[in-house]
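What follows is each chain in one-letter form.
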Amino acid sequence: MTQKSVIRYALIAALLLVLPLVLQNFGNAWVRIADMALLYVLLALGLNIVVGYAGLLDLGYVAFFAIGAYSYGLLNSPHLTETFAWLAAAYPTGMHTPIWLVLILGAGLAGIFGVLLGAPTLRLRGDYLAIVTLGFGEIIRVFLNNLDNPVNITNGPKGIGQIDSLQFFGINIGKKMVVGGMEFASVSLYYYLFLALVLISILISHRLEQSRIGRAWMAIREDEIAAKAMGINTRNLKLTAFGMGATFGGVSGAMFASFQGFISPESFSLMESVMIVAMVVLGGIGHLPGVILGAVLLSALPEVLRYIAGPLQTMTDGRLDASILRQLLIALAMVSIMLMRPRGLWPSPEHGKSLSNAPKA
Amino acid sequence: MDILVQQVINGLVLGSMYALIALGYTMVYGIINLINFAHGEVMMVGALTSWTVIGLLRPAHPDWPGYVILLIALLVACVVAAVLNFIIEKIAYRPLRNSPKLAPLITAIGMSILLQTLAMIIWKPNFKSYPTLLPSEPFNVLGAVITPTQVMILVFTAVSLALLTWLVNFTKLGRAMRATAENPRVAGLMGVKPDVVISATFVIGAVLAAIAGVMYASNYGTAQHAMGFLPGLKAFTAAVFGGIGNLAGAVVGAILLGLIESIGAGYIGDWTGGVLGSHYSDIFAFVVLIIVLTLRPSGLLGERVADRA
């Protein structure tokens, strides 16, 4: 690492660390936007493993997000104890499952579902796979929506509320904290938590990319038959990709549930899956900085613009309200970026090209 | 027994609407290998356009019979949808024809959101009640009922399918379309202009989608900006079910899907002892799809294509 890049990374790190403290002054809503952006980065990084590395188009990714979120929500809210008397007897103070257990459970469950989805779809190519994963996402959502009778498990469209905020090592980050005279709002604490998770995920993704598994995934993406001929076990590796990506989704889901305190099937619509795919592809598929850029751009930018939308709304007689404007911007961004840069905003350098373009010396 | 007949009739009606949409998907996919996500939205635009036309015509000419107004609205909807789809293809898909595979897909998804949003701005987001222009007195068939609107849907679908079959199999354009789907490069060498063929495909698909939109709105009596999404998705599922790229497959897949959905919705409560209700009907499509594709990865009538590098 050269001195220049050390300085650059240090600057970025300092900026990221100070960001919530600055945003806090403008109101917690701004920090929330940053939090959600980080959460989307986490999701996009997870999907990038499936779509970017292994080249398997997954349009139902949000299902894993939902599985993680509902695992956390059910195990850390009064909903289950209110519904089942025997549970209430077992947990007189309500269910407050430790986060570590929930994380393992949520991530594991999502991972298992990922493999379960992957197994029957291994033989499918490209678009068939896309539509099956999409169907899987819808199935999960319909079940979440309807599992409120005959036995009320998910509370249906009403969703689950009063979910505990995150606690670990005796710290409850749902409350504000004062450290050395500095006041950290709860949203800022979540920001640091998500930032840490994003960093870990980047590290994992980066190491995966360089590893034997990662290289095998990319070989499968480029040419499955050739990869098979080279002795790569395509079946196991595809399943690994599905499971690994799903695990990321599960963890993000648990984080989302604790952050929002409320979850309902509405948050896990097909549109969300599509948005996450769009983030990965817009940014630069399979390229970590690009994926992060895409996620931040698509999640945060429209939110920020929403604050500027007030005057526009009065100008257009209420036809362009904030949510419509947000949707319009996302759509326009997706179409125009793809038209101008079909390989994404920040694509990975093409293999082989850099060699042939290098000056002959 | 009469419940079964009723569900079969409903399933056929539903399936024929899916078929009209599925054909658009499958034709486009067959020629340029693109899942045109915006196709459901073209159907929605068709429905809403016809709603506006009906709203304008009815007060102006109260003496005109309902079917005349409906026919005029249908024609206008077809033209608007065709022009729209033509423009979409030209500005959004054509420049991306040789880019990485996911790029046009993302553009198509973006287009779908864009059209929905624009429709929301133009027509406002509320549900509009779609007037019943045909007599509402139902006919009795084997103990079940079928409304004139449903009869109209079946007739229109049959006529459209017959016309499409004639167009694809017995005209010069149809031959060019089949040739381009088979091998675009060789078709080009034989004097087929791929751009013209692709534009024509989008226009034909849009006309079929607009017909489906008008039928859908008259059948359910409502129209709204988000109405195209789920039928679009199901229709695509039907196209994959039947083997994508295959016209007959799309129709077979769509009719089967409609039947499965309505019969399943009618009986699932009895079968599962009331545990699962008819609100699960939306997932039948996907469950069936996953099972079929697992057992027969290229769809019911799809050819088994060898893997190409």
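Read on for a plain summary of the structure. (Residues numbered from 1 in each chain as written. Chains lettered and ligands numbered in written order. Predicted model: local features only at pLDDT ≥ 70, side-chain atom pairs only at ≥ 80, totals over all residues. Heavy atoms only, no water.)

From N to C terminus, chain A includes 15 helices and four strands. A globule of 361 residues ought to have a C-alpha radius of gyration of about 21 Å, and chain A, at 22 Å, matches this closely. Dimensions of chain A, computed from the C-alpha atoms along their principal axes, are close to 75 × 50 × 45 Å. Here chain A, with 361 residues, has 51% of them falling under the buried criterion. A separation of at least 24 residues holds for 74% of the contacts in chain A among residues at least 6 apart in sequence. Carbon together with sulfur atoms contributes 66% to the accessible area of chain A, which is approximately 16900 Å² in total. Distance from the positive charge centre (23 side chains) to the negative charge centre (18 side chains) of chain A: 11 Å. (Helix = DSSP H or I, 4+ residues; strand = E, 2+ residues; numbered from the N terminus. Rg over C-alpha atoms; globule rule 2.2 N^0.38 Å. Buried < 20%, exposed > 50% of the residue type's maximum accessible area, 1.4 Å probe, protein only. Contact = heavy atoms within 4.5 Å. Areas by Shrake-Rupley, 256 points an atom, 1.4 Å probe, with all protein chains shown as cover. Lys, Arg positive; Asp, Glu negative; His and termini not counted. Charge placed at Lys NZ, Arg CZ, Asp CG, Glu CD.)

The next point concerns the interface of chain A and chain B. With 44 residues of chain A at the interface, the matching set in chain B holds 50 residues. Buried area between chain A and chain B, summed over both chains or domains, comes out near 4200 Å², and the portion from carbon and sulfur atoms is 78%. On inspection of chain A and its partner chain B, the count reaches zero salt bridges. At the junction of chain A with chain B, the criterion picks out zero residue pairs in polar contact (both at pLDDT 80 or more). Secondary-structure elements contributing two or more residues to the side of chain A that touches chain B are helix 7 (126-146), helix 12 (270-283) and helix 14 (322-340) of chain A. For the side of chain A that touches chain B, the element with the most residues is helix 7 of chain A, which contributes twelve residues. For the side of chain A that touches chain B, the class distribution of residues is 33 nonpolar, four polar and seven charged. (Buried area = accessible area lost by both parts, 1.4 Å probe. Salt bridge = Lys/Arg side-chain N within 4 Å of Asp/Glu carboxyl O. Polar contact = N/O pair within 3.5 Å; in protein donor to acceptor, adjacent residues only side chain to side chain. Nonpolar A, V, L, I, M, F, W, Y, C, P; charged D, E, K, R; others polar.)

As a further point, take empty space enclosed by the protein. Residues and elements named next belong to chain B. On inspection of all chains with the given rule, the structure shows two cavities of 30 Å³ or more. If you add up the space inside the largest cavity, you get close to 60 Å³. What lines the largest cavity is simply Tyr25, Ile35, Phe37, Gly40, Glu41, Phe229, Gly232, Leu233 and Phe236. Elements represented by at least two residues in the lining of the largest cavity include exactly helix 2 (39-60) and helix 9 (229-242). Counting residues per element, the lining of the largest cavity draws most heavily on helix 9, which supplies four residues. Grouping the constituent residues of the lining of the largest cavity by class yields six nonpolar, two polar and one charged. Its volume calculated, the second largest cavity comes out at about 40 Å³. Lining the second largest cavity are Leu70, Pro131, Thr132, Leu133, Leu134, Thr149 and Ser218. (1 Å grid on protein atoms, 1.4 Å probe; cavity = no way out; pocket = protein on both sides within 12 Å on 5 of 7 lines; lining within 4 Å. Points joined across faces, edges and corners; volume = space filled by probe spheres on them.)

All names here are of chain B. For Asn33, which is not glycine, the phi dihedral falls at a positive 55°. Accessibility expressed as a relative area gives 43% for Asn33, which makes it partly exposed. Phi is positive for Lys124, close to 65°, though the residue is something other than glycine. Mapped onto the secondary structure, Lys124 falls in the loop between helix 4 (102-123) and strand 1 (128-129). Given a relative accessible area of 41%, Lys124 falls into the partly exposed group.

Once that is clear, we can look at helix 11 (residues 234-260) of chain A. All names here are of chain A. With 27 residues, helix 11 extends 39 Å between its outermost C-alpha atoms, agreeing within 8% with the 39 Å of an ideal straight helix rising 1.5 Å per residue. Summarising burial for helix 11: 20 of the 27 residues are buried, a large majority. Positioned one or two residues after helix 11, Gly261 has a phi angle of 75°, which is positive. (Expected span 1.5 Å × (residues − 1).)

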